[in-house]
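Each chain is listed here by its residues.
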Amino acid sequence: MYRVKLTDTQREELKRRTHEPGVMPRTRDRLEMVRLSDAGWSIPKIAPHLGVSESCVRRWVKRYLEGGFDALPDRPHVGQPSSLTPEMIEAVRAEIGKGDRAWSAAQIAGWTHERFDIRLSADWLSRLLKRNRLSYQRTSRSLKHKQDPCAVEEKAAELALLEKGGAKG
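Since we're looking at a predicted model, the values are computed, not measured.

A. Structural detail: the packing of helix α5 (residues 86–97) against helix α6 (residues 105–116). At a minimum axis distance of 11 Å, the contact between α5 and α6 shows a crossing angle of 120 degrees. With respect to their mutual orientation, α5 and α6 come out oblique. Helix-helix and strand crossings are classified by hand; for α5 and α6 the assignment is right-handed. Here Met-88, Ala-91, Val-92, Glu-95 and Ile-96 of α5 come into contact with α6, specifically with Ile-108, Trp-111, Thr-112, Arg-115 and Phe-116. Residue composition of the contact of α5 with α6, grouped by class: seven nonpolar, one polar and two charged.

What follows is the structure in structure tokens.
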């Protein structure tokens, strides 16, 4: 049977870690398991209280007893690194920063494919850009970048002439 006995210093550390900003909810639950075990609760009583299995509580109490507070947070998840490197993100940031046109995620995906020869879906690319705090304009709300400035000026002059009633027939 696993039972935790904390010193006053450890209780203060537990309280500090529990109220620390940015602590993950699962880590906070694990700290609560340790706190309840220290308060005299049995593992079969802690499990339904926190809505987890007894084996889960047993595993985390055991891990605390072996490694202390540092054993409770999630370990870093191993995964494939992003194909969009920081240099590529900066290039996208510079291209969008020019401000000469509005972009959609699909257009940025096309641009990155042309420039860096990597294929990313528009949805995934928009997530990566949002994660890197890079915003872009959607073309669905503006078509100004597709207009020819000379043609717009000619048509505006023609419209002004028509509004005055100058061109008949």
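B. Quick look at the side chain of Ser-126. Its place among the elements puts Ser-126 in helix α7 (residues 122–131). Of note is the side chain of Ser-126, whose polar atom sits 2.8 Å from the backbone oxygen of Asp-123. If we ignore the near neighbours within four places in the chain, the residues touching Ser-126 are Ala-105 and Tyr-136.

C. Highlighting the environment of Val-92. Mapped onto the secondary structure, Val-92 falls in helix α5. Looking at Val-92, the relative accessible area reads 2%, which means it is buried. Separated by 23 residues in the primary sequence, Val-92 and Arg-115 have C-alpha atoms spaced 9.9 Å apart. Ignoring sequence-local partners within four residues, the contact set of Val-92 consists of Ile-108, Trp-111, Thr-112, Leu-129 and Leu-134.

D. Highlighting helix α1 (residues 8–18). Looking at α1, one finds that the buried residues are Leu-14, Arg-17 and Thr-18. Buried residues of α1 fall within an arc of 100 degrees about the axis and therefore sit on the same side. Structural note: α1 exposes Asp-8, Thr-9, Glu-12 and Lys-15 on the side pointing more than 90 degrees away from its buried face. Contacts made by the buried residues of α1 are with α2 (25–38).

E. The arrangement of the environment of Ala-102 in detail. Assignment of secondary structure puts Ala-102 in the loop between α5 and α6. Ala-102 gets classed as buried once you look at its relative accessible area, which sits at 6%.

Calculation notes
- Just so you know, the residues in each chain are numbered from 1, in the order the chain's sequence is written.
- For a predicted model such as this one, the threshold for reporting local features is a pLDDT of at least 70, and the threshold for listing and counting side-chain atom pairs is 80 or more; totals across whole chains, interfaces and linings nevertheless cover every residue.
- Side-chain numbers come from the whole structure's heavy atoms, not from hydrogens or water.
- Every axis in this analysis is a line fitted to C-alpha atoms, fitted for helices over the stretch in contact. Angles between the N-to-C directions lie between 0 and 180 degrees.
- Here a strand is any run of E in DSSP of at least two residues, a helix any run of H or I of at least four, and the numbering for each starts at the N terminus.
- Each angle receives one of four descriptions, namely roughly parallel if under 35 degrees, roughly antiparallel if over 145, roughly perpendicular if within 65 to 115, and oblique otherwise.
- Helix crossings get a hand from a simple test, with the near helix turned counterclockwise from the far one by less than a right angle marking a left-handed crossing and a clockwise turn marking a right-handed one.
- Residues are treated as being in contact if the distance between any of their heavy atoms lies within 4.5 Å.
- Classification used: nonpolar for Ala, Val, Leu, Ile, Met, Phe, Trp, Tyr, Cys and Pro, charged for Asp, Glu, Lys and Arg, polar for all others including Gly.
- Contacts described as polar in this section are N or O atom pairs within 3.5 Å, which, within protein, must combine one atom able to donate a hydrogen with one able to accept it, while residues neighboring in sequence count only if both atoms come from side chains.
- Residue burial is assigned from relative accessible area. The probe radius is 1.4 Å, only protein chains are included, and a residue is buried under 20% of its type maximum, exposed over 50%, and partly exposed in between.
- When we speak of the arc, we mean the arc of directions from the helix axis to the C-beta atoms.

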